[in-house]
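# Report on the structure
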Amino acid sequence: MMRARGATFWFGLFALTWALSAFSFQLSKAWDARWLLKYPKAWELPLEGAIKDALNWLVEDAHFGLFTFRDLTRAISALVEVPYQILRDLLIEGFSTGIGDSAVQILPSLSWIAVIACAAAIGHYARDWKLAALVGGCFLYLAVFGQWESAMITLASVLVAVPIGAVGGLFLGIAAWRAPWFERLLRPFLDLMQTVPVFAYLVPILILFGFGPVAALVATVIYAMPPMVRITVVALKGVPEEVLEAGRMAGCTRRQLMWKVLVPSATPSLMVGVNQVIMLTLNMVIIASMIGAGGLGFDVLGALRRLDIGGGIEAGLAIVVMAIALDRASQAFAERSQRARLTGNVLQRHPWTTTVFVVIVATLFLGQVFPGVQTYPRDLTVTTGPFWGEAMKWINVNFFDTFEAIKVVILNWLLLPVKKFFGGIPWAWGIAAMALIAWKVGGWRLGLLAALLTAFIAATGLWPKAMVTVYLCGVSVLIATVVGIPLGIWAAERPGAGRVILGLMDTLQTLPSFVYLIPVVMLFRVGDFSAMVAVVLYALAPAVRYAAHGIRSVPEQLIEAGVMAGCTRAQLLWRIKLPMAAPQLLLGLNQTIMLALSMLVITALVGTRDLGQEVYIALAKAQPGPGIVAGLSVAFIAIIADRIFNALAEGQKRRLGL
Amino acid sequence: MKHLSVAVAALMTAFPAWAADSADPIKLTLHDWSGQLITTTLMGEVLKQAGTNVEYVQADYIAQFAGLKTGDLHVAMEIWETTGREAMDEAFATGNVVNMGETGMQAIEEWWYPAYMNDKCPGLPNWEALKDCADAFATPETAPMGRYLGGPVTWGGFDEERVEALELDFEVVHAGTDAALFAELESAYQRQDPIMLWIYSPHWAPSKYEGQYVEFPPYSPECYADPAVGVNPDAAYDCGKPRGPIWKVAWKGVAEKWPNAAKTIENFRISNDEMGQMVAAVDLDGKTVEETVAAWMDANKEVWSAWIVK
C-alpha cells in the first residue's frame, strides 16, 4: 500500500514537471506572464554588490584595534612561508644567503639519492621491504623521467599543507566532539568548504595572503581539511565506551583522556582522514600552480598550452606516482601495529636512521665532486612524450569518424532531450518540486532547506545556468552509474579483475583532469559532450568503489543462507547482494554527484555554459562578487543532493534493519 | 621607519645623481605560455646584467593584478590590449598600477583557416568567399551552417555580432580556454578536416600550421560604434578585429624603489618577428627558454645594452 502511494507520488511529480517544462512557453504566452519563464530582474537579490562591499571592507578596513585583518593574514602567510621555504631549500634549491648576484650557497640541497633513500626508509619503517621498494621506486621514477625538480617543489608544498590540514582538522574535530553545538555550527562551513569551487574564492585569498605559494597553500588547506574534521568526529565517537570508562577509572584528567586514551585508540581511523587530506592536496596541485605554487601542476598547464600531450601526461603521471607513494605509506602507517622495542646500542636500534644519515652525508661530499650524485644527470632521463603524441594522432586519424557517429547518437537521444527538459522547468515550479522531493525523502525540515537553497539560486538570477549545471551533472552521473556499478560488482566478484579496475580508478582520480581534457577535446570537439566525457571519467571512481565495497561487505551468513536455499548466481546477486548493498550504492551515487559537480567547474575550460563557466568568468575578470555567488549556487546544489541521498541511504538502512 | 623612508625618498629626488636601486629583487610574473616566458626571461636577464636582483613568480594572467595592486608582484611583461584591456583599466583606476609602455609587439587576432581549405573554399582569404562556402566548414551539429570556433567568452571579440552584420551563415561556438582552441586545430589539422577558428599571434600556431587569417574589412573604431559605417549600413561590427599593442605594466612603487630598472623596463622593445622566431625555437624545436634567450642576447648585444640605464 505504502509502496503504491509512493510510486503514484513520484510518477505524478515527474508527469507534472514534464508537462510544465514542455509547455511553459505556451503557458507564459497564454497568461501573459513572462515571470514564469524568467526570474524578474527587479526581484533579484543585490548580493554581488553586497559581497564586493563586504570583501572590500575585510581587505581594506577590518581591524582588531592594533592591527588590521590583512596584517593578520599577512602574518599567517609569513609564518607558513618559513617551513615551506626551508623544505624547498632542503629538497631542491639549497640553502643560501644574500639575493641575486650576491647570493652565496651555504649548503646544497639533499641529493636525489638521499631523498630516495629517505623515502625508502620511511616505507620500511611504516611496513616492510616491499613498501620500501615501492616508495623508493616511485621516487626513482620521478628522477628517471626528468620530473625531479618540479616534483620536489610539489612535494614541499604537500609536506606543508598536509600537516596543517591534518592537525587543524584534528583540533576542530576534537572541539566538535566535545561540544555538540560547535559541531552543528561547523557542519555548514565544512559543506561549503568542500563544495564551493576553489576558483570562486581564489581572488580574495590572493589579496589577503599575498601572491605566491602561500596563497596556494591556504586554498589547498581550505579544500583538503573538511574530511579530516568529519573523520575525527566519527572516529572519536566510535571509541568503545569501555575504553573511555577504563580511562576514567584510571583517574585520567580531561586532557589525558583525550591524548592518552581517545586519540591513540582512534588512530587507525584518524589515519584514514590523513590519507584523504593527502589525496585532496594532490588534487589541488594544478589549481594551486595557477596562483604561484609552481611544480608539477605548472608543468602540466605549460605542456597543454604547447599542446605537448606527452609532456602533459608525463607530468600528470608524476603526480599519480607521488600520490601512490604518499597514499601507500600513509595507509601503512594507519595499519601499523606497535612493535616490540629493539635492544642494543644506538646503531643497532636505528639501522635505518643511521643508513639514511650516512647516505645524506656521503652524497653531500660526493656531490661536490661528481655533479651526477647531487642532481640526476639530464642525459640519463627517459621520455615517452613523442609516443603519446603519435598514439593520439593515430587514434584521431583512424577513429574520429566512429567517435563522431557515437557522439551524434548520444547527443540526439540523451543529452539534448534532457537539456530541454531541465531548461524548460519554470523556476517557481523548480523550487516547489525540489521542496516536495526533499520533504518526501527526509521530512519537512529537509523540504524547507531544499526550498530555501533553491530559492536562493533563483533569486540570484542564475536559474538558467543552474539548470544547465543540473542537466550536465545529471547525465554524467547517470552514465557514470550505469558504467560504474557493473564494474564495481565485477571487481567485487573477481578479485583479480578487481585489483586492475580499482587501480585504474585510483589513477583516473589522481591524474589531473587537464591531462585528459585536451585529448577529449581533440576527439569530441568543444561542447557539452566533451565536458560530459571528462566528468564521467573523473566521477566514475566512487560509483565503482562504493559498489565493490557494498557487495564485498554483505554478511557471509546471508550469502550462505542463499546458497543453501538453492539460489543461482544471478539470484544471489539480484535478491541478496544488491539489496543489502543498496545503502552503499546510494552513498557511492552521492559521492559521484559531488565529484561531478566539482569537475564541472574544470570543464568550464572546454566551454560549457553553466555555473562553472560563471565562476570561471568571474575569476578571469577578477570579480570576487559574481564568483562567490555562482560558487555558492554550485555548493547549494551539492548540499541539496547530498542531504537527499543521505536521507535515502538512511531510510534504506532502516528498512534492512542494519 | 616610514618617516625615514620618506626622508630618503625626498633626498633621492633632490639629488637624482645619487638615486640607486634597491637591492631587493624585482618580482617579474611568469604565465603559462612560452612567448610570455621568453619576454619575461629576456627582461629579467637584461636587468641582471644591469646589476638588479630579479625574482620570477608564477601567477595567473588576470589574477596577477591583485598582486600588482598591493605590490606583492612588481612587473607584468605581457598584457595584451586585446585580452587584458578590462583588467588593465580597472587596475589603473586604483592608481596602484602603472603602464610601462609598449613591448613593441603587436597582437593580431582574427578568423584563421588552414591552407588546405583554400581548395574547398576558393576565393579565401577574402571574407566574401565565406558567403558561398559556409557549408564547407559545417559539422554535424551545426550543418548546414558553418562552424566558427571562437575564443573563451571572456575574450570578447563580438563574433556573434560580426556574423550577423556580415550575413555569414556561421554558428559561433566558444572554446573555454585557448588550450581547447588549439587542441581542436591540432585534431582537425591531423585529419585535414575543415576548421575555422580564432587564432592570435605572436604565437607558435601560425608557424606550426600552414594557413591564413581571413581578410575582413579593416577595423576602425567607427565601424564598431556606428552602424552606418561599413559594408552593412544597418549594423555595427561589420569589419575585422582591432589589432593592438602588448603592454608592460607595473606596480606604481617600482619607479620609486628601482628608478633605473624602471627606465630599463620602459626601454624594452622587441618585434613580432623576433619573438615569433624565439617562440618557434622553444615550442617547435624543443629548446629551453633560457637557451633561446641567451642565444638572442649573444646575437643582439648592442640592442639590449642600449635599454640599460645605470
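Residues numbered from 1 in each chain as written. Chains lettered and ligands numbered in written order. Predicted model: local features only at pLDDT ≥ 70, side-chain atom pairs only at ≥ 80, totals over all residues.

Now for the overall build of chain A. Helix and strand counts for chain A stand at 28 helices and 2 strands. For chain A, the C-alpha radius of gyration of 27 Å lies close to 26 Å, the compact-globule estimate for 658 residues. For chain A, the C-alpha atoms occupy an extent of roughly 85 × 65 × 65 Å along the three principal directions. Here chain A holds 658 residues, and the buried ones make up 46% of them. Summarising the internal contacts of chain A: among those between residues at least 6 apart in sequence, 77% fall at separations of at least 24. (Helix = DSSP H or I, 4+ residues; strand = E, 2+ residues; numbered from the N terminus. Rg over C-alpha atoms; globule rule 2.2 N^0.38 Å. Buried ≥ 20, exposed ≤ 12 C-beta atoms within 10 Å, placed from the backbone. Contact = placed C-beta atoms within 7 Å.)

Secondary structure summary: chain B contains 14 helices and 10 strands in total. Here the C-alpha coordinates of chain B stretch approximately 70 × 45 × 30 Å along the principal axes. Counting all 310 residues of chain B, 47% fall into the buried class. Long-range contacts, defined here as pairs at least 24 residues apart, represent 71% of the contacts in chain B between residues at least 6 apart.

Looking now at the domain arrangement of chain A. Residue and element names in this part refer to chain A. Here the domain parsing of chain A yields domain 1 (160-311) and domain 2 (400-656). Between the C-alpha centres of domain 1 and domain 2 the distance comes to 24 Å. Facing the 19 residues of domain 1 at the interface are 24 residues of domain 2. Elements with a contribution of two residues or more to the side of domain 1 that touches domain 2: α7 (180-195), α8 (198-209), α12 (254-283), α13 (285-290) and α14 (296-305). In the side of domain 1 that touches domain 2, the residues fall into 17 nonpolar, 1 polar and 1 charged. (Domains from an automatic or database assignment. Nonpolar A, V, L, I, M, F, W, Y, C, P; charged D, E, K, R; others polar.)

Time to look at the domain arrangement of chain B. Residue and element names in this part refer to chain B. Here chain B is described as being made up of domain 1 (2-105 + 245-305) and domain 2 (108-225). The centre of domain 1, based on its C-alpha atoms, is set 33 Å off from the matching centre of domain 2. In this complex, domain 1 contributes 12 residues to the contact, which on the side of domain 2 involves 8 residues. Elements with a minimum of two residues in the side of domain 1 that touches domain 2: α2 (34-49), α4 (81-94) and α12 (272-283).

This part covers the packing of helix α6 (residues 148-178) of chain A against helix α10 (residues 226-237) of chain A. A pair of packed helices is captured by two measures, namely the crossing angle of their axes and the spacing between those axes. Residues and elements named next belong to chain A. For the pair α6 and α10, the least separation of the axes is 7 Å and the interaxial angle reads 50°. Classified by the angle their axes make, α6 and α10 are oblique. Seen from above, α6 lies across α10 with right-handed handedness. Residues Gly 165, Ala 166, Gly 169, Leu 170, Leu 172, Gly 173, Ile 174, Ala 176 and Trp 177 of α6 touch α10, and the partners they reach there are Met 228, Val 229, Thr 232, Val 233, Leu 236 and Lys 237. Taken together, the residues that form the contact of α6 with α10 break down as 10 nonpolar, 4 polar and 1 charged. (Axes fitted to C-alpha atoms, helices over the stretch in contact; angles between N-to-C directions. Parallel < 35°, antiparallel > 145°, perpendicular 65-115°, else oblique. Left-handed = near helix turned anticlockwise from the far one by under 90°.)

What follows is about the environment of Lys 131 of chain B. On the secondary structure map, Lys 131 of chain B appears in the loop between β5 (122-125) and β6 (146-150). For the pair Lys 131 of chain B and Pro 206 of chain B, spaced 75 residues apart in the sequence, the C-alpha separation amounts to 24 Å.

To continue, consider unusual backbone geometry. Residues and elements named next belong to chain B. Note the cis peptide between Leu 124 and Pro 125, where omega equals 10°. Tracing the backbone through its elements, the reader meets Pro 125 in strand β5. The amide bond that connects Ser 201 to the next residue, Pro 202, takes the cis arrangement and shows omega of 5°. When you line up the elements, Pro 202 lands in the loop between β8 (197-201) and α8 (205-208). A positive phi angle, near 55°, is found at Gln 192, a position not held by glycine. One can find Gln 192 in the loop between α7 (178-191) and β8. Judged by C-beta crowding, with 11 C-beta atoms within 10 Å, Gln 192 ranks as exposed. Phi at Tyr 237 takes a positive value of approximately 65°, unusual for a residue other than glycine.

The next subject is the nonpolar core. In terms of nonpolar packing, the biggest core is built from 294 residues, with Leu 202, Leu 206 and Met 322 of chain A touching the most fellow members. When residues of this core are assigned to their parent elements, the largest contribution, 17 residues, is made by helix α24 (residues 528-552) of chain A. Excluding anything up to four places from it in sequence, Leu 202 of chain A contacts Ala 219, Ile 291 and Leu 619 of chain A together with Ala 63 of chain B. (Core = buried A, V, L, I, M, F, W, Y, C linked by C-beta atoms within 7 Å.)

With that settled, the discussion passes to α6 of chain A. Taking 1.5 Å of rise per residue, 31 residues should cover 45 Å, and α6 of chain A covers 44 Å from first to last C-alpha, within 8% of that figure. Judged by how many residues are buried, α6 of chain A sits mostly within the fold: 22 of 31 residues are covered. (Expected span 1.5 Å × (residues − 1).)

Attention now goes to the interface of chain A and chain B. Taken together, the contact between chain A and chain B spans 43 residues of the former and 40 residues of the latter. Ranked by residue count, the leading element in the side of chain A that touches chain B is helix α19 (residues 385-424) of chain A, at 6 residues. Taken together, the residues of the side of chain A that touches chain B sort by class into 26 nonpolar, 11 polar and 6 charged.

Tracing the backbone shows Met 249 of chain A in helix α11 (residues 241-249). Owing to 8 C-beta atoms within 10 Å, Met 249 of chain A belongs among the exposed residues under this scheme.

Before going further, it helps to spend a moment on the packing of α6 of chain A against α14 of chain A. Residues and elements named next belong to chain A. In the contact formed by α6 and α14, the axes pass within 7 Å of each other and the chain directions differ by 130°. If you check the angle between α6 and α14, you find them oblique. Two secondary-structure elements touch here, α6 through Ser 150, Ala 151 and Thr 154 and α14 through Leu 296, Gly 297 and Asp 299.

This part takes up the environment of Glu 215 of chain B. Residues and elements named next belong to chain B. Positionally, Glu 215 belongs in the loop between β9 (211-213) and α9 (221-225). Linking Glu 215 and Cys 239, residues 24 residues apart in sequence, is a C-alpha distance of 9.3 Å. Here Glu 215 is in contact with Pro 125, Asn 126 and Trp 127, once residues within four sequence places are set aside.

With that settled, the discussion passes to the confidence of the model for chain B. Atom-level detail of predicted coordinates should not be read off regions where pLDDT is low. Residue and element names in this part refer to chain B. Overall, the predicted model of chain B reaches an average pLDDT of 85, with 94% of residues at or above 70. Considering only residues more than four positions removed or in separate chains, one finds that residues 6-18, a stretch of pLDDT under 50, has 3 contacts. Confidence estimates for the predicted assembly give a pTM of 0.85 and an ipTM of 0.79. (pLDDT = per-residue confidence, 0-100.)

All right, on to the pairing of strand β2 (residues 54-58) of chain B then. Residues and elements named next belong to chain B. Of the pairings in the sheet, the one linking strand β1 (residues 26-30) to β2 comprises 5 bridges and is parallel in character. Counterpart to Thr 29 in the pairing with β2 is Val 57. As a crossover connection, the stretch from β1 through α2 into β2 is right-handed. (Pairing = 2+ DSSP bridges. Right-handed = clockwise from strand over helix to strand, strands pointing away.)

Put simply, chain A has an average pLDDT of 85, and 96% of its residues get 70 or more. Confidence, read as mean pLDDT per element, is least for helix α16 (residues 346-349) of chain A in chain A (64) and greatest for α6 of chain A (93).

Quick look at helix α4 (residues 112-126) of chain A now. All names here are of chain A. An ideal rise of 1.5 Å per residue puts 21 Å on 15 residues; α4 measures up with 21 Å between its terminal C-alpha atoms. The buried count for α4 comes to 12 of 15 residues, which makes it a mostly enclosed element. Among the residues making up α4, those that are buried are Trp 112, Ile 113, Ala 114, Val 115, Ile 116, Ala 117, Ala 119, Ala 120, Ala 121, Ile 122, Gly 123 and His 124. Tucked into the core, α4 has its buried residues touching α3 (69-93), α5 (129-144), α6, α15 (309-335), α17 (351-369) and α18 (371-374).

All names here are of chain B. By the alternation rule, side chains of strand β7 (residues 170-174) split into Phe 170, Val 172 and His 174, which are all buried, and Glu 171 and Val 173, of which none is buried. Here β6 runs beside β7; their pairing, made up of 5 bridges, is parallel. Its bridge partner lying in β7, Gly 146 is registered against Phe 170. The parallel pair β6 and β7 is bridged by helix α6 (residues 159-165), and the resulting crossover is right-handed.

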